[in-house]
Amino acid sequence: MSRRQGTNCGATRLRRRQRPGDPMRRFDALPAPLRRWLAEAARPWSPASSLAIWRKVRAQGGTVEEALARLDRAERALLARDAAD
């Protein structure tokens, strides 16, 4: 059995990163629309990486819908990269 079996990451060749701290506490601190998006994401996202995209869009004056659309694009690009590897 490989290390990745039995986790919620699925079959991916993308690099995984370990982050210190309590991931559930970081998840609970996210804005509600971002938490809902993460709950439906195709692959697990870290609260830190998803929040970075969220904050960047919002800091540029983007709406919640624009931030979620940017996350969708980032996820599609990640899935495409995983399929190509």
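Refer to the preceding data block for the structure.
The structure displayed is predicted, hence computed values, not measured ones. Sequence order as written defines residue numbering, which begins from 1 separately in each chain. Restriction of local features to residues with pLDDT of at least 70 applies here, the model being predicted, together with a cutoff of 80 or more for giving and counting side-chain atom pairs; totals for whole chains, interfaces and linings are based on all residues. Remark: hydrogens and water are excluded; side-chain values derive from all non-hydrogen atoms of the structure.

A.B. asks: What exactly am I supposed to notice about the pattern of salt bridges here?
C.D. replies: Between side chains of opposite charge, a pair can form as their charged atoms come close. The salt bridge definition used is simple: a Lys or Arg side-chain nitrogen within 4 Å of an Asp or Glu carboxyl oxygen. Under the counting rule described, the total for this entry stands at two salt bridges. For Asp22, the salt bridge goes to Arg25, with nearest N and O atoms at 3.9 Å. Exposure is judged per residue with a 1.4 Å probe applied to protein chains only, and the accessible area is read against the type maximum: over 50% gives exposed, under 20% gives buried, and values in between give partly exposed. The class for Asp22 is partly exposed, based on a relative accessible area of 38%.

A.B. asks: Please clarify how the environment of Trp54 should be interpreted in this entry.
C.D. replies: Helix and strand definitions here come from DSSP, where helices need a minimum of 4 consecutive H or I residues and strands a minimum of 2 consecutive E residues; each element is numbered from the N-terminal end. Positionally, Trp54 belongs in helix α3 (residues 47-59). In this structure Trp54 comes out as buried when scored by relative accessible area, which is 7%. The criterion used for residue contact is that any of the two residues' heavy atoms lie within 4.5 Å. Trp54 has contacts with Pro31, Pro33, Leu34, Val64, Ala67, Leu68 and Leu71, leaving out every residue within four places of it along the chain.

Treat this as a map of the structure, not an account of what it does.
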